[in-house]
Amino acid sequence: MTVFEKHLTVADNNESVIAQLAASSDLSRQRIKQAMFKGAVWFTRGNSTQRIRRATKTLQPGDVVHLYYDEKVLAREPLPAEIVADQGAYSIWYKPYGMLSQGSKWGDHCTIRRWAEQHLLPQRPALVVHRLDRAATGLILIAHEKKVATALAALFESRAIEKCYRAIVHGRFPDETQTINSDIDGKTAISHVRRLDYDETLWKSLVEVKIETGRKHQIRRHLSEAGFPIVGDRLYGDVKKNSEHEDLQLTAFTLAFQCPVTDKPLTFRLADDRLPQLSSPATA
């Protein structure tokens, strides 16, 4: 697979970005146009660096154009996300397994942010407020106005948004609700976990998790450290117990908060058929 970077200083603003990149690489204009649409072309002017989406973008002498070309990344196809609620200034989506919350310099076409930007009608800018792991599924908020993005981010920061998850873990989780208060990367991380169901034959438990903080991989790390790794977790789980065909059994199913626009309390919850389920009747 072809992987390379190109960085060109614009000398002639009469020549298109695509023409300049094509002249300095072995790529056709069509491939460069596709890479541009998928978020792999950027330009720097002064201290500002932004993506270029349009082939007709006018550049100035002295601007620097960046192409980050990774054939494998650009060949990926985004899985469809589903709109749960459109609140105008922000929206709530169901993010499927494998979809990213945000992209990188190599592209962003497989992200929930870009999906919302392209598929929400009327079209609006999309701003990431929080993240879900690529391997997790469930509810995610996308803002469409900067001031609303700031307000929602403040709610997350002040722990004013209730976030609930369902997961299937290996082992029999204790009967009593467990609070896991274990720092992650030097920062406070608190998770509350209660068992909903247990299958003795499968030796798996269905649990509900409420988190007070939102550290990277918090639920996965906390449950693994407690001795109950999430089924399908190839990063923190037990390789011997996980089937290579099982996806991560972790879903964000509830978001509850005070709307920053109307100041009214709102709760969004996934339907039960979207939630992880034990595949055979519980015995305890």
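Everything that follows concerns the structure shown earlier in this document.
For the structure given in this document, a descriptive report is provided here.

About the thresholds
Residues numbered from 1 in each chain as written. Predicted model: local features only at pLDDT ≥ 70, side-chain atom pairs only at ≥ 80, totals over all residues. Heavy atoms only, no water. Salt bridge = Lys/Arg side-chain N within 4 Å of Asp/Glu carboxyl O. Helix = DSSP H or I, 4+ residues; strand = E, 2+ residues; numbered from the N terminus. Buried < 20%, exposed > 50% of the residue type's maximum accessible area, 1.4 Å probe, protein only. Phe/Tyr/Trp six-rings, centres within 6.5 Å; stacked < 30°, edge-to-face > 60°. Lys NZ or Arg CZ within 6 Å of the ring centre and 35° of its normal. Pairing = 2+ DSSP bridges. Axes fitted to C-alpha atoms, helices over the stretch in contact; angles between N-to-C directions.

This part covers the pattern of salt bridges. All told, the structure shown has 19 salt bridges when counted by the stated rule. Its salt-bridge partner being Asp86, residue Arg124 comes within 2.8 Å of it at the nearest N-O pair. Within this pair, whereas Arg124 is found in the loop between helix H4 (112-119) and strand E7 (127-128), its partner Asp86 is found in strand E5 (residues 82-86), the two being separated by 38 residues in sequence. Residue classification places Asp86 among the partly exposed residues on the basis of a relative accessible area of 35%. Of the charged contacts, one joins Asp185 and Arg221 as a salt bridge, the two residues approaching to 3.6 Å between their closest N and O atoms. You can see Asp185 sitting in the loop between strand E10 (178-181) and strand E11 (190-199) and its partner Arg221 sitting in helix H6 (residues 218-225), a full 36 residues away along the chain.

Note on aromatic pairs: each is described by the distance of the centres and the angle between the planes. Following the criterion strictly, the structure yields 5 aromatic pairs and no others. Where Phe4 meets Tyr69, the ring centres are 5.4 Å apart and the plane angle is 20°; that geometry is what we call stacked. Highlighted residues: Phe4 in strand E1 (residues 3-9) and Tyr69 in strand E4 (residues 64-70), separated in sequence by 65 residues. We note that Phe4, like Tyr69, is buried. An aromatic cluster is present here, built from Tyr90, Phe257 and Phe268 joined pairwise through their rings. Geometry around Phe253 places Arg166 over its ring, the cationic atom sitting 4.7 Å from the centre. Geometry around Tyr94 places Arg274 over its ring, the cationic atom sitting 4.2 Å from the centre.

Attention now goes to unusual backbone geometry. Leu121 connects to Pro122 through a cis peptide bond whose omega is -10°. On the secondary structure map, Pro122 appears in the loop between H4 and E7. In this model, Trp203 sits at a positive phi of 55°, which is unusual for a non-glycine residue. Its place among the elements puts Trp203 in the loop between E11 and strand E12 (204-211). Positive phi is not limited to glycine here, since His217 has a value of about 60°. With respect to the element layout, His217 can be found in the loop between E12 and H6.

Another point: the sheet that holds E4. If you walk across this open sheet you meet the 4 strands as E1-E4-E2-E3, and the pairing is antiparallel. If you trace the sheet from one side to the other, it starts and ends with E1 and strand E3 (48-51), each paired once. Mean inter-strand twist for the sheet, computed between neighbouring axes without regard to direction, equals 20°. Across 4 bridges, the pairing between strand E2 (residues 41-45) and E3 is antiparallel. Across the sheet, residue Trp42 finds its bridge partner in E3, namely Arg51.

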